[in-house]
Amino acid sequence: MKKCSFFFFLAVLSLMTSCQKKEHKIEEEATFLVTTPLRLDTLVLKDYVGQVRSIQHIEIRALEKGYLQNIYVDEGQFVPKGKLMFQIMPVIYQAEMQKAQAEVNFVQLEYQNTKSLADSNIVSKNELALAKAKLDMAKADLALSKAHLDFTEVRAPFDGIMDRFQVRLGSLLDEGEFLTTLSDNSKMWVYFNVPEAEYLDYATRAKSKNPLDVQLRMANNELFDQGGKVETIEADFDNETGNIAFRATFPNPKRILRHGETGNILMPVSLKNALLIPQKATFEILDKKFVYVVDENSKVESRQITVGTELTHLYAVTSGLKEGEKILIEGLRKVRNKQKIKHKVEPPRKVLAELNQLFAE
């Protein structure tokens, strides 16, 4: 019985060994695709965090003190330029203007009488000049009182959207009290910070006077349907961050963008003589990127690379690879370091053209 068990064990062991050899043989006979890095000039969309601002965003404040008598608009409402928004109780200011008007009428009569006497040489020219000065002073007081009365009406200085009210009907207002804010959202400014090195690249490449075209990716990860242009660069760098602020202007005909939003500016940056490889040709170990390089003896060897810029489906490599070296682009999990493989070389331009169809491991 023991002898039979022994022979059965040998048969199973032989079968397992045969299967392993067969699998190993199949693995060695598999053909893997490899390619070479491609060196060319390309464009990459650099991503910068941006702050969205209205081209005009102001605080609306009371110019006179008094009770808030009427509110003619609502929060979030679009108001045209010149529309009456708030009315401060005008009774006192109306009385002051009526008093000033009465004073002007009285002094006007005095001046006319004095002028008649001066024309008849009854009074001197000095007395006429004094009467004229009193009339001018009365008219100035009238204009001042009228201005105070006009200030009880708060009107929109431009087309814009109302924000939240900071006061309510019947509130006692002080001069200069904050009422609300008004935003002109017909165009929007997006500010974003650019590192010094990238600013210098941009400045040296900016040969034409045409503004740089940019795009805005909104908080919902969708692209804004209007393109923007970089029209302004601030004068000074921030010494703490080493950045300088760019300002892009976007038309906002549908009023989708609002003051205070955030988004990401996508700015095209040219890469000169970049060494490009497919992202799928890389794997990570402890946050470091590696590729399998295939040597002249068809052996694969893992090698660490440094990625300078990430593009769609591609990496621009700054160190670790040379032009012309062969790298594995599929089956990365099926090979071992120093393993000899059978491979087929694909032209890099063909690989890049088919990236969307290739399976990304």
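My aim in this report is to walk through the structure given alongside it, one point at a time.

**Focus: the overall build of the chain**
For step 1, the next point in the chain: Along the backbone of the chain there are 5 helices and 19 strands.
For step 2, the next point in the chain: Buried residues in the chain amount to 34% of all 361 residues.
For step 3, the next point in the chain: Taking the intrachain contacts of the chain between residues at least 6 apart in sequence as the baseline, contacts between residues at least 24 apart amount to 76%.
For step 4, the next point in the chain: Of the roughly 22,700 Å² that the chain leaves accessible, carbon and sulfur atoms contribute 52%.

**Some points on the environment of Gln51**
For step 1, the next point in the chain: One can find Gln51 in strand E2 (residues 38-61).
For step 2, the next point in the chain: Classification of Gln51 as partly exposed rests on a relative accessible area of 32%.
For step 3, the next point in the chain: Contacts of Gln51, omitting those with residues within four sequence positions, involve Trp189, Val190, Tyr191, Glu261 and Thr262.

**Comments concerning helix H3 (residues 125-150)**
For step 1, the next point in the chain: A rise of 1.5 Å per residue sets the reference length of H3, with its 26 residues, at 38 Å; its end C-alpha atoms lie 37 Å apart and thus fit the reference within 8%.
For step 2, the next point in the chain: For H3, the full list of buried residues reads Leu128, Ala131, Leu135, Ala138, Leu142, Ser145 and Leu149.
For step 3, the next point in the chain: For H3, the elements touching its buried residues are helix H2 (91-119) and strand E6 (153-155).

**Quick word on the side chain of Lys289**
For step 1, the next point in the chain: With respect to the helices and strands, the residue Lys289 is situated in strand E15 (residues 288-294).
For step 2, the next point in the chain: In terms of polar contacts, Lys289 uses its side chain to reach the side chain of Glu284, at 2.9 Å.

**A look at the sheet that holds strand E3 (residues 66-71)**
For step 1, the next point in the chain: Spatially, 4 strands are ordered E6-E5-E3-E8 in an open sheet, and the strand pairing comes out antiparallel. A strand with exactly one partner marks an edge of an open sheet, and here the two such strands are E6 and strand E8 (172-173).
For step 2, the next point in the chain: With 2 bridges joining them, E3 and E8 adopt antiparallel strand pairing. Considered in E8, the bridge of Tyr67 is made with Leu172.

**Points about H2**
For step 1, the next point in the chain: Helix length check: H2, at 29 residues, gives a terminal C-alpha distance of 42 Å against a target of 42 Å (1.5 Å per residue), a fit within 8%.
For step 2, the next point in the chain: Listed in full, the buried residues belonging to H2 are Tyr93, Ala100, Val104, Val107, Tyr111, Thr114 and Ala118.
For step 3, the next point in the chain: Looking at the buried residues of H2, the elements they touch are H3.

About the cut-offs
- Residues numbered from 1 in each chain as written.
- Predicted model: local features only at pLDDT ≥ 70, side-chain atom pairs only at ≥ 80, totals over all residues.
- Heavy atoms only, no water.
- Helix = DSSP H or I, 4+ residues; strand = E, 2+ residues; numbered from the N terminus.
- Buried < 20%, exposed > 50% of the residue type's maximum accessible area, 1.4 Å probe, protein only.
- Contact = heavy atoms within 4.5 Å.
- Areas by Shrake-Rupley, 256 points an atom, 1.4 Å probe, with all protein chains shown as cover.
- Expected span 1.5 Å × (residues − 1).
- Polar contact = N/O pair within 3.5 Å; in protein donor to acceptor, adjacent residues only side chain to side chain.
- Pairing = 2+ DSSP bridges.

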